[in-house]
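# Examination of the molecular architecture
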Amino acid sequence: MTTSLSTLKEWVDEVASRTLPEEIHWCDGSDDEYQQLIDAMVADGTMSPLDQDEYRNCYLHLSDPSDVARVEHLTFVCTERPEDAGPNNNWMSPAEAHAKVDALFEGAMKGRTMYVIPYCMGPIDSPYARCGVEITDSAYVVANMKLMTRMGARALARIEREGSFVKGLHSTGDLDPEKRFIMHFPEELSIKSIGSGYGGNALLGKKCHALRIASYQARTEGWLAEHMLIVGVENPRGETHYIACALPSACGKTNLAMLIPPESLPGWKIWTLGDDIAWLHLGEDGSFRAINPESGYFGVVPGTNEKTNKNAFDMIRRDAIFTNVGRTADNKPWWEGKGVGEPAYDWRGNEYDPESGPAAHPNSRFTVAATNNPSYSELAEAPEGVPISAIVFGGRRSTVTPLVYEARDWRHGVLIGASIGSKLTAAAVGEVGKIRRDPMAMKPFCGYNFGDYWAHWLSFENRTDKLPKIFGVNWFRQDEDGNFIWPGFGENLRVLRWIIDRVEGRIGAKDTPIGYLPDEGGIDTTGLDISDDAMHELTSIDVAHWRTENKHFADYLQKFGEHVPEELRHQQQMMAEQLAKAS
Ligand code: GTP
Ligand code: SPV
Ligand code: MN
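Predicted model only: the values in this text are computed from it and were never measured. (Residues numbered from 1 in each chain as written. Chains lettered and ligands numbered in written order. Predicted model: local features only at pLDDT ≥ 70, side-chain atom pairs only at ≥ 80, totals over all residues. Heavy atoms only, no water.)

What the chain contains, in helices and strands, is 16 helices and 30 strands. Across its three principal directions, the C-alpha atoms of the chain cover 70 × 55 × 45 Å. Considering only intrachain contacts with a sequence separation of at least 6, the fraction spanning at least 24 residues in the chain is 73%. For the chain, the accessible area works out to roughly 22000 Å², and carbon and sulfur atoms hold 47% of it. Computed over 58 positive and 84 negative side-chain charges, the inter-centroid distance for the chain is 3 Å. (Helix = DSSP H or I, 4+ residues; strand = E, 2+ residues; numbered from the N terminus. Contact = heavy atoms within 4.5 Å. Areas by Shrake-Rupley, 256 points an atom, 1.4 Å probe, with all protein chains shown as cover. Lys, Arg positive; Asp, Glu negative; His and termini not counted. Charge placed at Lys NZ, Arg CZ, Asp CG, Glu CD.)

Dropping the structure here:
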């Protein structure tokens, strides 16, 4: 196979002449091709088959122990001017970045196969979808891209028709963390990633293309590329509302996107559109339309069980790739919080020893096609996407932030999104548990200056009168003993229900300096084991805490100088004034 598109052909030839692979394989995206890759990886030890009775067509991959998460400190946005990347990104000049990584790509694929993966992010016939080509020397990457994107012949046909595509070059290199770089060139629509085979570092369609490059493109073209799940919530009358929700990495998107309604809410249904990324466009009628650019999940494994996320628990029992989990003695995958079985081996492949840490790495992941998900929505294939009724921003906070609050209007909603703080998780290499500012859950993923990004968000107010309502949420409040106060998971539907009731104007709320909060009894807690005092704590604010929170945000904004939109400062100051007046 090759291509009729000369720019693509020339780029592939040029990469091959630099990286010197033994062969070149153009991926057609077929099931046969997938199985052949898997078989080859089983043969060379990159993958091992799991118990095929209980885990049909499931495989385990153990990555290099130094390569287990995204590496934000080695991720760069390379624009001509540093201020276009902004203080939220690491910056390097394009010339320097190219020189640095090109040297590392020299001969990097010697003795290996170079795979050319044409892929389409979004439904193949959607005007909102965008294509890319990833060149990689990792069969593991190809197998993951097959499960998570629309890749192969149909994508190539669209690329040849359109003539443009995002160029992504990837090599696992020698996995030396000193020679690991994830470089983005938004002005050239290209990505160069070397030295890691893990997740968002290596599956270039995901964070590199669908968030960093796409957010940059989206700004110039008038849309939004966001770190959001998309979920359809159907009430017992059969009406469905679609909600897009941004939560930072490992803060509950996959779980919320496919939650199972609790018994106390009979007749409700949840439909999953996406669990990680949403592209939002203004439709012809001025409403927000969302598509999920992905077609599969790369989800956090630990904590997944029949009670927390039955849909995920069931869908990863066939056709899934597990990365960095442990194993039982009878060769089933095992992870902390699985609820059944016990580990015999850990994620390094060693015999399990509780002294040397968890059996599954905290950032161990499953990869599975979305069609395996029992709650997958047919509308995930709709070219025009789904209409969005509410946008939700959240974070992982043990104190301060209430269970749910509503913005007064769009501008105030942009303040809520921009001021989100969240505890760091194992999804990226770093200090787990430390609180950092993670505006719109996009800190690691916005491909340009956050100041300009907030201005872009604000600009939608001038472009439509059908703006969705905006909310903030936090499932992670803890009591003095460190227990989660809110039961979370399926019970989060109670919060989604309040959100929808607010969108429909069916329910009142109390006005506070941070926005509208549920009235006493506003969130239905029938059947929940939660005290009135606890609910009061979850649905009220501590003014002193919020003054500090507001101050932190004001300090944070300083970093962005002239780029901060006047309106965002104004919103922050109005909130400060209201907090000053409040008792
Ligand atoms: P990325 O794929 O990294 O972007 O993460 P995500 O936002 O999809 O996170 P995910 O849903 O996989 O959740 C990560 C962790 O949070 C898992 O360990 C979950 O068990 C836990 N979690 C998810 N939802 C809840 C909840 O409502 N309450 C509590 N306490 N934990 C939750
Ligand atoms: C995240 O970290 O937000 C993820 C996992 O979704 S990764 O694809 O590795 O970035
Ligand atoms: Mn994510």
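This part is about the nonpolar core. Counting residues in each nonpolar core, the largest one holds 108 residues, and the members touching the most others are Phe322, Ile388, Ile391, Trp454 and Trp457. Dropping the residues within four chain positions of it, tryptophan 457 is found in contact with Leu224, Glu226, Met228, Ile391, Phe393, Trp410, Val414 and Met440. By size, the runner-up hydrophobic cluster in this structure holds 35 residues, among which are Val233, Cys251, Ala257 and Ile485. (Core = buried A, V, L, I, M, F, W, Y, C linked by side-chain atoms within 4.5 Å. Buried < 20%, exposed > 50% of the residue type's maximum accessible area, 1.4 Å probe, protein only.)

It is worth spelling out the site of ligand 2 at this point. Around ligand 2, the structure places Arg70, Gly199, Gly200, Lys206, Lys207, His227, Ser249, Asp276, Phe298, Arg365, Ala427 and Phe445. Histidine 227 places a polar side-chain atom, nitrogen or oxygen, 3.3 Å from an oxygen atom of ligand 2. Within the complex, 98% of the 290 Å² of free accessible area of ligand 2 lies under protein. When residues of the shell around ligand 2 are traced back to their parent elements, those giving at least two are α7 (199–202) and α8 (205–221). (Near = heavy atom within 4 Å. Polar contact = N/O pair within 3.5 Å; in protein donor to acceptor, adjacent residues only side chain to side chain.)

Near ligand 1, the surroundings consist of 21 residues, among which Ala250, Lys253, Thr254, Asn255 and Arg365 are the closest. A distance of 3.4 Å is found between an oxygen atom of ligand 1 and a side-chain nitrogen or oxygen belonging to histidine 227. The side chain of asparagine 492 places a nitrogen or oxygen atom 2.9 Å from an oxygen atom of ligand 1. With the chains in place, 91% of the 660 Å² that ligand 1 exposes on its own is no longer accessible. Elements represented by at least two residues in the shell around ligand 1 include exactly α9 (253–257) and β18 (296–300). Per-element accounting of the shell around ligand 1 gives the leading share, 3 residues, to α9. Here the residues of the shell around ligand 1 sort into 10 nonpolar, 7 polar and 4 charged. (Nonpolar A, V, L, I, M, F, W, Y, C, P; charged D, E, K, R; others polar.)

Looking now at the sheet that holds strand β17 (residues 288–291). Spatially, 4 strands are ordered β12-β16-β17-β23 in an open sheet, and the strand pairing comes out antiparallel. Edge strands, defined here as strands with exactly one partner in the open sheet, are β12 (224–226) and β23 (386–387). The pairing of β12 with strand β16 (residues 278–282) spans 3 bridges and is classified as antiparallel. Bridge pairing in β16 places leucine 224 opposite leucine 280. (Pairing = 2+ DSSP bridges.)

What follows is about the sheet that holds strand β2 (residues 48–49). With respect to topology, 5 strands assemble into an open sheet ordered β2-β3-β19-β22-β18, the strand pairing being mixed. Where the open sheet ends on each side, the last strands, each with one partner, are β2 and β18. Taken strand by strand, helix α5 (residues 139–148) contacts β3 (59–61), β18, β19 (321–323) and β22 (365–369), and its axis lies near 115 degrees from that of β18. (Axes fitted to C-alpha atoms, helices over the stretch in contact; angles between N-to-C directions.)

Before going further, it helps to spend a moment on the coordination of the manganese ion (ligand 3). For a metal bound by four donors in tetrahedral geometry, the ideal donor-metal-donor angle is 109.5 degrees, whereas six donors in octahedral geometry ideally sit at 90 or 180 degrees. With distances of 2.2 to 2.3 Å, the protein atoms coordinating the manganese ion (ligand 3) are Lys207 (NZ), His227 (NE2) and Asp276 (OD). In this structure, the manganese ion (ligand 3) is surrounded by 6 donor atoms whose angles at the metal cover 75 to 174 degrees, and the resulting shape is octahedral. Sequence spacing of the donors to the manganese ion (ligand 3): K-x19-H-x48-D. Placement of the pair is lysine 207 in helix α8 and histidine 227 in the loop between β12 and β13 (228–234), with a sequence separation of 20 residues. (Donors = N, O, S within 2.8 Å, 3.2 Å for Na, K, Ca; no water. Tetrahedral: all angles 85-135°; square planar, octahedral: opposite > 155°, others 65-115°.)

Moving on, we come to the environment of aspartate 346. Here aspartate 346 shows up in the loop between β21 (333–334) and β22. A relative accessible area of 4% places aspartate 346 in the buried class. Note: C-alpha distance between aspartate 346 and valine 325 (21 residues apart in sequence) is 6.8 Å. Excluding residues that lie within four positions of it along the chain, aspartate 346 makes contacts with Val325, Gly326, Tyr352, Pro358 and Ala359. Engagement of the side chain of aspartate 346 in a polar contact is seen with the backbone nitrogen of arginine 348, the distance being 2.9 Å.

Moving on to a negative patch on the surface. A cluster of like negative charges, contributed by Asp519, Glu520, Asp532 and Asp533, occupies part of the molecular surface. Secondary-structure assignment places aspartate 533 in helix α14 (residues 532–538). For aspartate 533, a relative accessible area of 63% puts it in the exposed group. (Patch = residues over 30% accessible without salt bridge, like charges linked within 9 Å, V, L, I, M, F, W, Y side chains within 5 Å. Salt bridge = Lys/Arg side-chain N within 4 Å of Asp/Glu carboxyl O.)

Moving on: the pattern of salt bridges. Scanning the model with the defined rule gives 38 salt bridges in all. Among the ionic pairs, arginine 112 bridges to aspartate 137, the shortest N-O distance being 2.9 Å. Placement of the pair is arginine 112 in the loop between α4 (94–105) and β6 (113–121) and aspartate 137 in the loop between β7 (130–136) and α5, with a sequence separation of 25 residues. The class of arginine 112 is partly exposed, set by a relative accessible area of 27%. Two residues, arginine 494 and glutamate 491, come together in a salt bridge whose shortest N-O distance is 2.8 Å. Per residue, the accessibility class of arginine 494 equals that of glutamate 491, and both read buried.

This part is about unusual backbone geometry. Unlike most non-glycine residues, leucine 175 shows phi in positive territory, near 65 degrees. Note on placement: leucine 175 falls in the loop between β9 (166–171) and β10 (181–185). Its relative accessible area of 23% is what places leucine 175 among the partly exposed residues. Of note in this structure, alanine 441 is not a glycine but carries a positive phi near 60 degrees. When you line up the elements, alanine 441 lands in the loop between β27 (435–437) and α12 (450–459). For alanine 441, a relative accessible area of 2% corresponds to the buried category.

Right, let's talk about helix α6 (residues 153–162) for a bit. Within α6 the residues assigned to the buried category are Ala155, Leu156, Arg158 and Ile159. Down the axis of α6, the buried set is contained in an arc of 160 degrees. They therefore lie on one face. Away from the buried face of α6 by more than 90 degrees, exposed residues Arg154 and Arg161 are located. For α6, the elements touching its buried residues are α1 (6–19), β6, β7 and β8 (150–151). Positive phi appears at glycine 163, one or two residues downstream of α6, with a value of about 80 degrees. (Arc of directions from axis to C-beta.)

When its relative accessible area of 8% is taken as the criterion, aspartate 137 is described as buried. Within polar-contact distance, the side chain of aspartate 137 engages the side chain of arginine 112 at 2.9 Å. Engagement of the side chain of aspartate 137 in a polar contact is seen with the backbone nitrogen of threonine 172, the distance being 3.0 Å. Residues in contact with aspartate 137, not counting those within four places in the same chain, are Ala108, Met109, Arg112, Thr113, Tyr115, His170, Ser171, Thr172 and Gly173.

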